[in-house]
Amino acid sequence: MSLVRIDDIQVAYTDAGVGRPVVLIHGYPFNRSLWNEQVAVLSSSYRVITPDLRGFGETDSSQGPATMSRMADDVARLMDHLGIAQAVIGGLSMGGYVALAFYKQFPSRVRALVLADTRASADTEEAKQTRAQQAQKALSEGMAGIADAMLPKLLTPETVSKRPEVVKRVRDMMLKTKPEGAAAALLGMAEREDQTSLLPAITSPTLILVGAEDAITPVGDSEKMHNAIAGSRLVVIENAGHVSNLERTDEFNQNLVDFLRNAGA
Ligand code: MLT
């Protein structure tokens, strides 16, 4: 693990392998260990950077909503620190929101884009209110209740009943998350921009991955992104829910490796 100071916080990250850079951005309420299996495979051919986002993992929390654009800015500053001008930018779920915000802010720094189990649209008013309630709940009760409520939405029923090691892995990540970091990200996600109008302007090679049983960002959200991003590739991973990289690691990795090779990344 390495650390870098970015404005008010210390950001923790892993920098593994040598080659063209690939930045992988975790979702909510996880941390960079979400990507361990992807780092293991990709780092034999690529330089893989996995940050802990503002308020998550070993990165400090900050005051106020942790907006997607602020997190995208943190990623850009981390790349500056590492001497990386351009990289493949990939994100799962909230990490995808950050990846789209990154594209909007720094399009020339994106060599290719990977959008996993995510969406371009903003929250509805109802979803914003739920985020505010969840933020209060995290701060007053800690992460256990949030983890219990989220688990059945994150994983397929089959994974929940038959793969205790995956359930434990996902649950442990959630329980390790700092309540103040989770609350700041929830408020940040509620504020995020609708990026639908950005999609037709994306010219980087783009891979869209989604679990066929994703209950949080369903396949339809990925189809909308695929239809709007010219030349994008959409892969629907069977027997996977929202955390498709952990539930179907081999399929996820194979598609990622093939895409990176074909994109010349
Ligand atoms: C995530 O997995 O990052 C979140 O569930 C995304 C969201 O709540 O919109």
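### Observations concerning the site of the ligand
Thought 1: In the vicinity of the ligand, the residues found are Gly27, Tyr28, Ser93, Met94, Tyr97, Arg131, Met150, Met189, Ile216 and His242.
Thought 2: One of the side-chain N or O atoms of Ser93 is found 2.8 Å from an oxygen atom in the ligand.
Thought 3: A distance of 2.8 Å separates an oxygen atom of the ligand from a polar side-chain atom of Arg131.
Thought 4: Coverage of the ligand by the protein amounts to 95% of the 270 Å² it exposes when considered alone.
Thought 5: Here the ligand is seated within the largest pocket.
Thought 6: When its residues are assigned to classes, the shell around the ligand shows 6 nonpolar, 3 polar and 1 charged.

### Section: the sheet that holds strand S8 (residues 233-237)
Thought 1: Spatially, the 8 strands line up as an open sheet ordered S1-S2-S4-S3-S5-S6-S7-S8, and their pairing is mixed. Both edges of this open sheet fall to strand S1 (2-6) and S8, since each of them pairs with a single strand only. Sheet twist, expressed as the mean angle between neighbouring strand axes with direction ignored, is 20 degrees.
Thought 2: Both strand S6 (residues 110-116) and strand S7 (residues 206-211) contribute to a ladder of 4 bridges, which runs parallel. When the sheet's bridge partners are listed, Val114 is paired in S7 with Leu207.

### Notes on empty space enclosed by the protein
Thought 1: Per the counting criterion, the structure on display carries 1 cavity of 30 Å³ or more.
Thought 2: Here the largest cavity is characterised by a volume of approximately 50 Å³.
Thought 3: It is helix H2 (residues 68-82) that contributes the most residues to the lining of the largest cavity, 4 residues altogether.

About the thresholds
Residues numbered from 1 in each chain as written. Predicted model: local features only at pLDDT ≥ 70, side-chain atom pairs only at ≥ 80, totals over all residues. Heavy atoms only, no water. Near = heavy atom within 4 Å. Polar contact = N/O pair within 3.5 Å; in protein donor to acceptor, adjacent residues only side chain to side chain. Areas by Shrake-Rupley, 256 points an atom, 1.4 Å probe, with all protein chains shown as cover. 1 Å grid on protein atoms, 1.4 Å probe; cavity = no way out; pocket = protein on both sides within 12 Å on 5 of 7 lines; lining within 4 Å. Sits in = over half its atoms within 2 Å of the grid points. Nonpolar A, V, L, I, M, F, W, Y, C, P; charged D, E, K, R; others polar. Pairing = 2+ DSSP bridges. Helix = DSSP H or I, 4+ residues; strand = E, 2+ residues; numbered from the N terminus. Axes fitted to C-alpha atoms, helices over the stretch in contact; angles between N-to-C directions. Points joined across faces, edges and corners; volume = space filled by probe spheres on them.

Remember that the coordinates give geometry; whether it matters functionally is a separate question.
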